[in-house]
Amino acid sequence: MEIEPMISLKRYLDADTTRIDNPEMNCSPEACSALLSAYRAGLAEMGECGANACPDLAMELKRGLTQIDEALGEHPEIPSITMTNDALRELLQEWGKKTAQYSTQKAAEVKDLLLVMARTAESLGRKDGLHAQQLDSVTAQLETIAKLEDVTRIRSSVEESARQLKSSVARMTSEGKAVIDHLRAEVSTYQAKLERAEHVASCDPLTGLGTRLWAEERVQQRIDSASPFCILMIDVDGFRRVNQEYGNLVGDLVLKEFATELRSSCRFSDLVARWGGDEFIVVLDCLATDATRQVSRLASWISGPYQVPGRAGHVSVRLAISIGIAEYREGDNLQELLERADTALCAEQELTRKRISA
């Protein structure tokens, strides 16, 4: 069996013939066609390999290879093949240079990013002394990676550093959450204590009504808003006699019962407080004409007998009251308003004494 001689591509390209199907080349048309097909397949494979090596520059390579392929034509001549060979060499050399530059640029960007990560980890370490040592280790490792030239080593080292950094951040987050939860619990406890303290400060321990300080703050709020309101200053007439005759314990019980009746006789929106001793204050959000009508109803409701337990059984104590009214006027301050209410109360008490003595 006779073996056909092998075709030398170099001898084929260097030949003086001008047609690819020249008989002197000792190449049958089928072999030449197969050779041309293999050459074109090689061009296409170069494009795919380039795409795998550097996807961002692959289109430029494929476009150049396509132009070389189209330049061959259907029946290429030796000069055209030689020209495509030169064009291919020039294309691959130029593309190789660009790929190297591109890789160098990307490596520089990665190194810059690593240095930023190192600075960030270092900053975190300064802020959290507990994890400073571990974060310093990560920082040093990132700085070392930035000096590497091997992309494979850079990638594996970055992955390891990223795992360490993620672990450190996770622990910092977990411990930080525990600290925050503890602080929230502490804040909640102190807030509850503060609310209890505020309640104690604003609530009269004997009667359960508001304190004088609480009432003054609420009156000042109304003065600041310039809202129409009136103050009722109430005094239990002759209450000292109750303490002298029945004792302070009975007197306290009477005051508690009186405060309960006073609160019940007022509207929900009215402010009621113990001013001191046997004096009370009511703040009504209305004009003096409406307040005067309410005074009459209030006096009849809370005046009269009160039944409280005493040393020898229940004691019946009849109480009479005096009420002074003062309406807020534009420009009033707290002291002026309270003084007018107290003056009105003293005048009402004087009328009561006159009626009793008459």
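First things first, this report covers the structure right here in the doc. (Residues numbered from 1 in each chain as written. Predicted model: local features only at pLDDT ≥ 70, side-chain atom pairs only at ≥ 80, totals over all residues. Heavy atoms only, no water.)

**Concerning the overall build of the protein**
Which entries qualify depends on this criterion: The secondary structure listing takes helices from DSSP runs of H or I that are at least 4 residues long and strands from runs of E that are at least 2 residues long, numbered from the N terminus. Only protein chains enter the area calculation, which uses a 1.4 Å probe; residues under 20% of their type maximum are buried, those over 50% are exposed, and those in between are partly exposed. Working rule for contacts: check all heavy atoms of both residues, and any pair within 4.5 Å makes them a contact. Methods summary: accessible areas were calculated by the Shrake-Rupley approach with a probe of 1.4 Å, and residue burial reflects only the protein chains presented.
Counting secondary structure elements, the protein contains eleven helices and five strands. Counting only residues that meet the buried cut, the protein has 34% of its 358 residues in that class. At a minimum sequence separation of 6, the contacts of the protein that also span at least 24 residues come to 65%. Of the accessible surface of the protein, which amounts to about 22,400 Å², a share of 56% is contributed by carbon and sulfur atoms.

**Topic: the pattern of salt bridges**
As a reminder, the rule being used: We define a salt bridge as a contact between a side-chain nitrogen of Lys or Arg and a carboxyl oxygen of Asp or Glu at a distance within 4 Å.
Considering all chains together, one arrives at eleven salt bridges under this definition. Here Asp270 makes a salt bridge to Arg267, at a shortest N to O gap of 3.0 Å. The partner of Asp290 in a salt bridge is Arg293, with the nearest N and O atoms 2.2 Å apart. Taken together, the residues Asp290 and Arg293, both in helix H10 (residues 288-302) and three residues apart, mark about one turn of the helix. Residue Asp290 is classed as partly exposed on the basis of its relative accessible area, which comes to 29%.

**Some thoughts on the side chain of Thr207**
Using the following cut-off: N or O atoms within 3.5 Å of each other form a polar contact, as long as, within protein, one can give a hydrogen and the other can take it, and as long as residues adjacent in sequence are counted only when both atoms are side-chain atoms.
With respect to the helices and strands, Thr207 occurs in the loop between helix H6 (151-202) and helix H7 (212-225). Here Thr207 falls in the buried class, since its relative accessible area comes to 13%. A distance of 2.7 Å separates a polar atom in the side chain of Thr207 from a polar atom in the side chain of Asp204. From its side chain, Thr207 meets the backbone nitrogen of Leu209 in a polar contact 3.3 Å long. Setting aside residues no more than four positions away along its own chain, Thr207 makes contact with Leu255, Ala259, Arg274 and Phe280.

**Here we look at the packing of helix H8 (residues 239-246) against helix H9 (residues 248-265)**
What counts, and what does not: Orientation is described by lines fitted to C-alpha atoms, with helices fitted over the stretch in contact, and by angles between N-to-C directions that extend from 0 to 180 degrees. Any angle that is under 35 degrees is reported as roughly parallel, and any over 145 degrees as roughly antiparallel; angles of 65 to 115 degrees are reported as roughly perpendicular and all others as oblique. Residues are grouped as follows: Ala, Val, Leu, Ile, Met, Phe, Trp, Tyr, Cys and Pro are nonpolar; Asp, Glu, Lys and Arg are charged; all remaining types, including Gly, are polar.
Close contact between H8 and H9 brings their axes to 7 Å; oriented N to C, the two are set at 140 degrees. Overall, the two elements H8 and H9 adopt an arrangement that is oblique. Residue-level contacts link Phe239, Val242, Asn243 and Tyr246 of H8 to Asn248, Val250, Gly251, Val254 and Leu255 of H9. Considered class by class, the residues forming the contact of H8 with H9 number six nonpolar, three polar and no charged.

**Observations concerning the sheet that holds strand E3 (residues 279-284)**
Filter applied, for reference: For two strands to pair, DSSP has to find at least two bridges joining them.
Taken in spatial order, the five strands of this open sheet run E2-E3-E1-E5-E4, and their pairing is antiparallel. Single-partner strands in this sheet number two, and they are strand E2 (271-276) and strand E4 (304-310). Shown here is a sheet whose adjacent strand axes are inclined to one another by a mean of 30 degrees, direction ignored. With respect to the sheet, H8 is in contact with strand E1 (230-237) and strand E5 (313-327), its orientation differing from that of E5 by roughly 160 degrees.

**Thoughts on the pairing of E4**
Alignment of E4 against E5, held across seven bridges, turns out to be antiparallel. Its bridge partner lying in E5, Gln307 is registered against Ser316. Between E4 and E5, which pair antiparallel one after the other, the connecting turn spans two residues.

**Side note on unusual backbone geometry**
Working note: non-glycine residues mostly have negative phi, and peptide bonds are mostly trans. Of note, Ala226 is a non-glycine position whose phi angle comes to about 55 degrees, a positive value. Among the structural elements, Ala226 can be located in the loop between H7 and E1.

**Re the packing of aromatic side chains**
We count it as follows: Pairing of aromatic rings covers Phe, Tyr and Trp, the last through its six-membered ring, and needs centres within 6.5 Å; plane angles under 30 degrees mean stacked, over 60 mean edge-to-face, and all others mean tilted.
Under the definition given, this model contains three aromatic pairs. Ring geometry for Phe258 and Tyr306: centres 6.2 Å apart, planes at 55 degrees, overall tilted. With Phe258 in helix H9 and Tyr306 in strand E4, the pair connects residues that are 48 residues apart, well separated along the chain. An identical accessibility class is assigned to Phe258 and Tyr306; each is buried.

**Some words on the pairing of E3**
Here E3 lies mainly inside the structure; five of its six residues are buried. Note: E1 against E3, six bridges, orientation antiparallel. The residue of E3 that forms the bridge with Met233 is Ile281. Sheet topology places E2 next to E3; five bridges connect them, and they run antiparallel. Residue pairing across strands places Arg274 opposite Phe280, the latter belonging to E3. Hairpin connection between E2 and E3: a loop of two residues separates the two successive antiparallel strands, and Gly277 in this loop has a positive phi of roughly 60 degrees.

**A short note on the nonpolar core**
The test is simple: Throughout this description, the term nonpolar core refers to a set of buried Ala, Val, Leu, Ile, Met, Phe, Trp, Tyr and Cys residues connected via side-chain atoms within 4.5 Å.
Ranked by internal contacts, the top residues of the largest apolar core, which has 30 residues, are Ile234, Phe258, Leu262, Phe280 and Leu319. For this core, the leading source of residues is H9, giving six residues. Setting aside residues up to four positions removed in sequence, Leu262 forms contacts with Ile234, Val272, Phe280, Val282, Leu298 and Ile302. Grouped together as the second largest cluster of nonpolar side chains are 19 residues, Met233, Ala273, Val283 and Leu334 included.

**Observations concerning helix H3 (residues 58-72)**
Using the following cut-off: Every helix has an expected span of 1.5 Å times one less than the residues it contains. Arc definition: it is the arc formed by the directions from the helix axis to the C-beta atoms.
Here H3 is 15 residues long and its end C-alpha atoms lie 22 Å apart, about the 21 Å a rise of 1.5 Å per residue gives. Three or more residues of H3 are buried, namely Ala58, Leu61, Gly64, Leu65, Ile68 and Leu72. One side of H3 carries all its buried residues, which in axial view fall inside an arc of 135 degrees. Away from the buried face of H3 by more than 90 degrees, exposed residues Met59, Gln67 and Glu70 are located.

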